[in-house]
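Residues per chain, in single letters:
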Amino acid sequence: MRPLGVVSGGTRGIGLSFSRRLVELGHRVVALYRDDALAAAAAAAELGEAFHPVRLDVADADAVGAAVNRPRRARSTNRAGE
């Protein structure tokens, strides 16, 4: 399993530079951004499947709490008999 990095402001400027470097080093990256969906989409197109932009204002305690407590989707793959 690849390491995971979380970068606040990770879709523009210095944060994007950190995101790029982490992806280069083999990390999966969750990049938090507040409101620039176009920059997030451009960064995702550039960095590929290892990069996951998430819209989240880290100054909003309720939003952070909701994001942390959000149920995760379970994935299951059955390869028995192959």
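Reading the values: the criteria
- Residues numbered from 1 in each chain as written.
- Predicted model: local features only at pLDDT ≥ 70, side-chain atom pairs only at ≥ 80, totals over all residues.
- Heavy atoms only, no water.
- Helix = DSSP H or I, 4+ residues; strand = E, 2+ residues; numbered from the N terminus.
- Buried < 20%, exposed > 50% of the residue type's maximum accessible area, 1.4 Å probe, protein only.
- Contact = heavy atoms within 4.5 Å.
- Areas by Shrake-Rupley, 256 points an atom, 1.4 Å probe, with all protein chains shown as cover.
- Pairing = 2+ DSSP bridges.
- Axes fitted to C-alpha atoms, helices over the stretch in contact; angles between N-to-C directions.
- Salt bridge = Lys/Arg side-chain N within 4 Å of Asp/Glu carboxyl O.
- Core = buried A, V, L, I, M, F, W, Y, C linked by side-chain atoms within 4.5 Å.
- Parallel < 35°, antiparallel > 145°, perpendicular 65-115°, else oblique.
- Left-handed = near helix turned anticlockwise from the far one by under 90°.

## Some words on the overall build of the chain
- Looking only at helices and strands, one finds 3 helices and 3 strands in the chain.
- Start at the N end of the chain and walk to the C end: the helices and strands fall as β-α-β-α-β-α.
- For the chain, with 82 residues in total, the buried portion stands at 24%.
- A separation of at least 24 residues holds for 40% of the contacts in the chain among residues at least 6 apart in sequence.
- As displayed, the chain offers around 6200 Å² of accessible surface, 52% of which is attributable to carbon and sulfur atoms.

## Topic: the sheet that holds strand 2 (residues 28–33)
- Read across the open sheet, the 3 strands follow the order 1-2-3; overall the sheet is parallel. Each having just a single partner strand, strand 1 (4–8) and strand 3 (51–55) make up the two edges of the open sheet. Adjacent strand axes in the sheet meet at a mean angle of 20°, parallel and antiparallel pairs treated alike.
- In the packing of helix 2 (residues 37–47) onto the sheet, the strands contacted are strand 2 and strand 3, and the crossing angle to strand 3 comes to about 170°.

## Observations concerning the pattern of salt bridges
- Taken as a whole, this structure holds 4 salt bridges when the rule is applied.
- One salt bridge in this structure joins Arg 20 and Glu 46, with 2.6 Å as the shortest N-O distance. Pair noted here: Arg 20 is in helix 1 (residues 13–24) and Glu 46 is in helix 2, with a separation of 26 residues, a long-range link.
- A relative accessible area of 45% places Glu 46 in the partly exposed class.

## Comments concerning the nonpolar core
- Core analysis: the biggest nonpolar cluster contains 9 residues, these being Val 7, Leu 16, Val 23, Val 29, Ala 31, Ala 43, Leu 47, Ala 50 and Phe 51.
- Elements supplying a minimum of two residues to this core: helix 1, strand 2 and helix 2.
- If near-sequence neighbours (up to four positions away) are discounted, Val 23 is found in contact with Val 29, Leu 47 and Ala 50.

## Points about the environment of Ser 19
- Residue Ser 19 is classed as buried on the basis of its relative accessible area, which comes to 0%.
- Apart from residues no more than four positions distant in its own chain, Ser 19 is found in contact with Val 7, Gly 10, Val 29, Ala 31, Leu 47 and Phe 51.

## Focus on the pairing of strand 3
- In terms of strand pairing, strand 2 meets strand 3 through 5 bridges, oriented parallel. Its bridge partner lying in strand 3, Val 29 is registered against Phe 51.

## Quick look at the packing of helix 1 against helix 2
- Running from N to C, helix 1 and helix 2 point in directions that differ by 20°, and their axes come no closer than 11 Å. Relative to helix 2, the element helix 1 is oriented roughly parallel. Crossing handedness for the pair helix 1 and helix 2: right-handed. Where helix 1 approaches helix 2, its residues Leu 16, Ser 19, Arg 20 and Val 23 are matched on the opposing element by Ala 43, Glu 46 and Leu 47.

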